[in-house]
Amino acid sequence: MSIAELEVMKGYIRLCDDGFKMGWHERNGGNFTYRMTANEVDACRPFFYPNREWTSIGITVGNLAGEYFISTGSGKFMRNIADNIDDTICIVEINREGNAYRIVWGLVHGGVPTSEFPSHLLNHSVKKVTTNNLYRIIYHAHTPNVIALTFVLPLTARDFSRVLWKSMTECPIVFPAGVGVVPWMIPGGTDIAIASSELMKEYDTIIWAHHGIFCSGPDFDTTFGLMHTIEKSAEIYIKALSCGQGIRQTITDDELRQVAKAFGVTLNEKFL
Ligand code: 2HA
Ligand code: ZN
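Residues numbered from 1 in each chain as written. Chains lettered and ligands numbered in written order. Predicted model: local features only at pLDDT ≥ 70, side-chain atom pairs only at ≥ 80, totals over all residues. Heavy atoms only, no water.

### Points about the overall build of the protein chain
(1) Moving on: The helix and strand tally for the protein chain stands at 10 helices and 9 strands.
(2) Moving on: Relative to its length of 272 residues, the protein chain is compact, with a C-alpha radius of gyration of 19 Å against a globular reference of 19 Å.
(3) Moving on: With respect to the three principal axes, the spread of C-alpha positions in the protein chain is 60 × 35 × 35 Å.
(4) Moving on: With 272 residues in all, the protein chain has 53% of them scored as buried.
(5) Moving on: Of all intrachain contacts in the protein chain linking residues separated by at least 6 positions in sequence, the fraction that spans at least 24 positions is 72%.
(6) Moving on: On the protein chain, roughly 12400 Å² of surface is accessible, and the fraction owed to carbon and sulfur atoms is 51%.
(7) Moving on: Put simply, the protein chain has 24 plus and 29 minus side-chain charges, and the middle of one group is 3 Å from the middle of the other. (Helix = DSSP H or I, 4+ residues; strand = E, 2+ residues; numbered from the N terminus. Rg over C-alpha atoms; globule rule 2.2 N^0.38 Å. Buried < 20%, exposed > 50% of the residue type's maximum accessible area, 1.4 Å probe, protein only. Contact = heavy atoms within 4.5 Å. Areas by Shrake-Rupley, 256 points an atom, 1.4 Å probe, with all protein chains shown as cover. Lys, Arg positive; Asp, Glu negative; His and termini not counted. Charge placed at Lys NZ, Arg CZ, Asp CG, Glu CD.)

### Overview of the sheet that holds strand β2 (residues 55–56)
(1) Moving on: An order of β2-β5-β4-β3-β1-β6-β9-β8-β7 is seen for the 9 strands of this open sheet, with the pairing classed as mixed. Bordering the open sheet on either side are β2 and β7 (180–182), each of which pairs with just one other strand.
(2) Moving on: Pairing of β7 with strand β8 (residues 205–208) involves 3 bridges; the strand directions are parallel. Counted as the bridge partner of Val-181 is Ile-207 from β8. (Pairing = 2+ DSSP bridges.)

### Quick word on the coordination of the zinc ion (ligand 2)
(1) Moving on: The protein atoms that coordinate the zinc ion (ligand 2) are His-140 (NE2), His-142 (NE2) and His-211 (NE2), at distances of 2.0 to 2.1 Å.
(2) Moving on: Written as a sequence motif, the donor arrangement for the zinc ion (ligand 2) is H-x1-H-x68-H. Of this pair, His-142 sits in the loop between β6 (137–141) and α5 (144–149) while His-211 sits in the loop between β8 and β9 (212–217), and the two are 69 residues apart along the sequence. Here the two residues His-142 and His-211 agree in accessibility, since each one is buried. (Donors = N, O, S within 2.8 Å, 3.2 Å for Na, K, Ca; no water.)

### A closer look at the site of ligand 1
(1) Moving on: Around ligand 1, the structure places Asn-28, Gly-29, Gly-30, Asn-31, Ser-115, Glu-116, His-140, His-142 and His-211.
(2) Moving on: In this structure, Asn-31 approaches ligand 1 through a side-chain N or O atom, which is 2.9 Å from an oxygen atom.
(3) Moving on: Between ligand 1 and His-140, the relevant distance is 3.3 Å, taken from an oxygen atom to a side-chain nitrogen or oxygen of the residue.
(4) Moving on: Put simply, ligand 1 lies in the second largest pocket. (Near = heavy atom within 4 Å. Polar contact = N/O pair within 3.5 Å; in protein donor to acceptor, adjacent residues only side chain to side chain. 1 Å grid on protein atoms, 1.4 Å probe; cavity = no way out; pocket = protein on both sides within 12 Å on 5 of 7 lines; lining within 4 Å. Sits in = over half its atoms within 2 Å of the grid points.)

### Comments concerning helix α9 (residues 220–242)
Helical geometry: 3.6 residues make up each α-helical turn, so side chains three or four residues apart lie on a common side.
(1) Moving on: For α9, spanning 23 residues, the distance from its first C-alpha to its last is 33 Å, which sits close to the expected 33 Å at 1.5 Å a residue.
(2) Moving on: Along α9, the residues that are buried comprise Phe-220, Thr-223, Phe-224, Leu-226, Met-227, Thr-229, Ile-230, Glu-231, Ser-233, Ala-234 and Tyr-237.
(3) Moving on: The backbone nitrogen of Asp-221 lies 3.3 Å from a side-chain oxygen of the residue at the head of α9, namely Asp-219. (Expected span 1.5 Å × (residues − 1).)

### A few points about the side chain of Asp-17
(1) Moving on: Its location among the elements puts Asp-17 in helix α1 (residues 7–21).
(2) Moving on: For Asp-17, the side chain forms a polar contact with the side chain of Lys-21, separated by 2.7 Å.

### Digging into the nonpolar core
(1) Moving on: If you look at the biggest cluster of nonpolar residues, it comprises 64 residues, and the most contacted ones within it are Met-9, Phe-32, Cys-44, Ile-70, Ile-91 and Tyr-139.
(2) Moving on: Ranked by residue count, the leading element in this core is α9, at 7 residues.
(3) Moving on: Beyond its immediate stretch of four places on either side in the chain, Met-9 contacts Ile-3, Ala-4, Cys-44, Ile-70, Ile-89, Ile-91 and Trp-105.
(4) Moving on: By size, the runner-up hydrophobic cluster in this structure holds 15 residues, among which are Ile-57, Tyr-101, Phe-117 and Leu-122. (Core = buried A, V, L, I, M, F, W, Y, C linked by side-chain atoms within 4.5 Å.)

### Observations regarding the pairing of β6
(1) Moving on: Most of β6 is tucked away: 5 of the 5 residues are buried.
(2) Moving on: The pairing of strand β1 (residues 31–35) with β6 spans 4 bridges and is classified as antiparallel. Pairing of Asn-31 across the sheet is with His-140, part of β6.
(3) Moving on: Relative to β9, β6 runs antiparallel, the two being bridged by 5 bridges. Bridge pairing links Ile-138 to Ser-216 in β9.

### Quick word on the packing of aromatic side chains
(1) Moving on: If you walk through the whole model with that rule in mind, you get 11 aromatic pairs.
(2) Moving on: Considering the side-chain rings of Phe-48 and Tyr-68, the 5.7 Å spacing of their centres and the 20° angle between planes classify their relative orientation as stacked. With a gap of 20 residues between them, Phe-48 in the loop between α2 (38–44) and β2 and Tyr-68 in strand β3 (residues 68–72) connect regions that are remote in the sequence.
(3) Moving on: Aromatic rings pair up to connect Tyr-12, Trp-24, Phe-32, Tyr-34, Tyr-139, Phe-220 and Phe-224 into one cluster. (Phe/Tyr/Trp six-rings, centres within 6.5 Å; stacked < 30°, edge-to-face > 60°.)

### Regarding the pattern of salt bridges
(1) Moving on: This structure, assessed with the given rule, holds 15 salt bridges.
(2) Moving on: Arg-162 is the salt-bridge partner of Asp-253, the closest N and O atoms lying 2.9 Å from each other. Taken together, the positions of Asp-253 in helix α10 (residues 253–263) and Arg-162 in helix α6 (residues 157–166) put the pair 91 residues apart, joining distant regions of the chain. Exposure class is identical for Asp-253 and Arg-162. Each is buried.
(3) Moving on: Between Lys-166 and Asp-253 there is a salt bridge, with its nearest N and O atoms 2.7 Å apart. With Lys-166 in helix α6 and Asp-253 in helix α10, this residue pair connects regions lying 87 residues apart in the sequence.
(4) Moving on: Look at Lys-166 and you get buried, because its relative accessible area is 15%. (Salt bridge = Lys/Arg side-chain N within 4 Å of Asp/Glu carboxyl O.)

Here's what the structure looks like:
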């Protein structure tokens, strides 16, 4: 059996491939980390390399000490993952202090985990606490319609949450907390990582202005579905505006409340 045949790897690869086919991952755009369960680590362990060197992360994520993550490789293309997993992704182990990592499998021709590794780890650290160990995924994509909206809407959580909730009826059920927004910042650094992880305390989705989206969730389907729903809602809003007449009618705040009540979710009232 190859590592690619393990269920966790099949799920990971499928998300990468689906994201590419959606048009969200030009070139090396986007990245994806998955916090593995103990059983998944055990299943992968026969493939692990012995005694690799530790590399400093640059930040400390104490509550992720000893965790294992599957990560896309920095500079690798999502398009190539399904056909070439051991050259494009890796499994990394976090040390006991939570301040260094080592690659235990993958990136056979060399390389390092995603350039957004600090953002991913800080977001995982927050979500592990706030969801009581439930959330395992941080997924970043360059979604064109949401990126386009960051050129025309005010860069606030309120403006984006309201537009995205109102552009497709089931959106408030899928992301009742709304979405957070980070202004334009330099990618890959700790400043954007800290700004994002602060917002991850409140939201499962963070929009990076003129760049893309970070989504978090418990499993592959839910997280991909969240990304897909938000991007589709943005696309509908843009299509509606592109008709050139403006928005004639939309879902009212009271109707948002009615949907939330009917489906038993609690909307973030501060946006209504
Ligand atoms: O992996 O998307 O934000 C390339 C990027 C960095
Ligand atoms: Zn990016």
